[in-house]
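Chain by chain, the residues:
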Amino acid sequence: MKKVICMLCLCMTVLFAFAQQKNQFTHFDMMGADGKMHNTSEYVGKGNYVLVDFWASWCGPCRAEMPHVKKAYEAFKDKGFDILGVSLDNKEEAWKGAIKQMELNWNHVSDLKGWKCEGAVMYGVRSIPYTMLIGPDGSVVATNLRGQALYNKLEELLGAEKK
């Protein structure tokens, strides 16, 4: 009986460890808006909450979502929150033009492969905007937070914004 219990405990420990590992953000390399290659590990898993935001300049719903994302960024950037924009654009000029036009003052990366974007393929992104909120330890905390839901989650995790 002790052997059975020990085996069950061992199996549960292995399954728990595997489940925890599956929720870890997997890093990838991509060109930044600065023209240099970057690895997402430069931004994610460094002690802050990071919203990985899959978007594109040509995406109407993405553009409509940006005021909500900007509001959250402004409210929580000094409380341990950052954003990494991952663009599914094909054209560098359109991508960088949208960043400038919409004043998206956070880090951005793209491989300019559209729907074949390495990060989007890796995470099975089938529609945009698509977001992943990554915790300070690199674990995926939430996905597809949009509008007020993003703000509410950050408020829950980081505390209420000072009015």
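Residues numbered from 1 in each chain as written. Predicted model: local features only at pLDDT ≥ 70, side-chain atom pairs only at ≥ 80, totals over all residues. Heavy atoms only, no water.

> Whenever I open this one, the overall build of the protein chain confuses me. Can you help?
Helix and strand content of the protein chain: 5 helices and 7 strands. Along the protein chain, helices (α) and strands (β) appear in the sequence α-β-β-β-α-β-α-β-α-β-β-α when read from the amino end. Out of the 163 residues belonging to the protein chain, those deemed buried represent 42%. For the protein chain, the accessible surface area stands at approximately 9300 Å², while carbon and sulfur atoms represent 56% of it. (Helix = DSSP H or I, 4+ residues; strand = E, 2+ residues; numbered from the N terminus. Buried < 20%, exposed > 50% of the residue type's maximum accessible area, 1.4 Å probe, protein only. Areas by Shrake-Rupley, 256 points an atom, 1.4 Å probe, with all protein chains shown as cover.)

> How should the sheet that holds strand S6 (residues 130-134) be read in this particular structure?
Remark on secondary structure: sheet strands pair via backbone hydrogen bonds, oriented parallel or antiparallel. Ordered in space as S2-S1-S5-S4-S3-S6-S7, the 7 strands form an open sheet in which the pairing is mixed. Strand pairing shows two members of the sheet lacking a second neighbour, strand S2 (37-39) and strand S7 (140-143), which therefore form its edges. With direction set aside, neighbouring strand axes in the sheet form an average angle of 30°. (Pairing = 2+ DSSP bridges. Axes fitted to C-alpha atoms, helices over the stretch in contact; angles between N-to-C directions.)

> Hey, could you run me through the packing of helix H2 (residues 60-76) against helix H3 (residues 92-102) in this one?
Packed helix pairs are characterised by how far apart their axes lie and by the angle those axes make with each other. The geometry of H2 relative to H3 is characterised by a closest axis approach of 12 Å and an angle of 50° between their N-to-C directions. In terms of orientation, H2 lies oblique with respect to H3. The two elements H2 and H3 cross, and the hand of that crossing is right-handed. Note on element contacts: H3 touches H2 through Ala98, Gln101 and Met102, opposite Arg63, Met66 and Lys70. Looking at the contact of H2 with H3, its residues break down into 3 nonpolar, 1 polar and 2 charged. (Parallel < 35°, antiparallel > 145°, perpendicular 65-115°, else oblique. Left-handed = near helix turned anticlockwise from the far one by under 90°. Contact = heavy atoms within 4.5 Å. Nonpolar A, V, L, I, M, F, W, Y, C, P; charged D, E, K, R; others polar.)

> Would you mind going over the environment of Leu158 with me for this structure?
As for its position among the elements, Leu158 is in helix H5 (residues 148-158). Separated by 77 residues in sequence, Leu158 and Phe81 have C-alpha atoms that sit 8.3 Å apart. If we skip the residues at most four places from it in the chain, Leu158 touches Tyr49, Phe76, Lys79, Gly80 and Phe81.

> Sorry if this is basic, but what is going on with unusual backbone geometry here?
For residues that are not glycine, phi is negative in most cases, and the peptide bond is trans in most cases. With an omega of 5°, the peptide bond between Ile128 and Pro129 qualifies as cis. Tracing the sequence through the fold places Pro129 in the loop between helix H4 (118-122) and S6. We note that Leu112 has phi near 55°; this positive angle belongs to a residue other than glycine. Positionally, Leu112 belongs in the loop between strand S5 (107-110) and H4.

> How should the pairing of strand S1 (residues 29-32) be read in this particular structure?
Note on strand geometry: in a regular strand, side chains alternate between the two faces of the sheet. As judged from the 3 bridges shared by S1 and S2, these two strands associate in the antiparallel manner. Looking at S2, one finds that Met31 is bridged to Met37. Where S1 folds back onto S2 in an antiparallel hairpin, the turn is made up of 4 residues, including Gly35, whose phi is positive at roughly 85°. One ladder, built from 2 bridges, connects S1 with S5; its direction is antiparallel. Each bridged residue has a counterpart across the sheet, and for Met31 the counterpart in S5 is Ser110.

> Whenever I open this one, the state of the cysteines confuses me. Can you help?
In protein structure, a disulfide is the covalent linkage between the sulfur atoms of two cysteines. Applying the stated criterion across every chain yields a total of 1 disulfide. One disulfide bridge connects Cys59 with Cys62, the sulfur atoms lying 2.4 Å from each other. In this structure, the disulfide formed by Cys59 and Cys62 twists by about 75° around the S-S bond and is classed as right-handed. Neither Cys59 nor Cys62 differs from the other in exposure class; each is buried. (Disulfide = S-S within 2.5 Å.)

> What am I meant to see in H3 here?
Think of an α-helix as 3.6 residues a turn; residues three or four steps apart then line up on the same face. Buried within H3 are the following residues: Trp95, Ala98, Ile99 and Met102. Along the axis of H3, the buried positions cluster into a sector of 100°, meaning they face one direction only. Facing away from the buried side of H3, by more than 90 degrees, are the exposed residues Glu93, Lys100 and Gln101. On its buried face, H3 is in contact with S1, strand S3 (49-55), H2, strand S4 (81-87) and S5. At the exit of H3 stands Glu103, carrying a positive phi of roughly 55°. (Arc of directions from axis to C-beta.)

Purely geometric stuff here, so don't read any function into it on its own.
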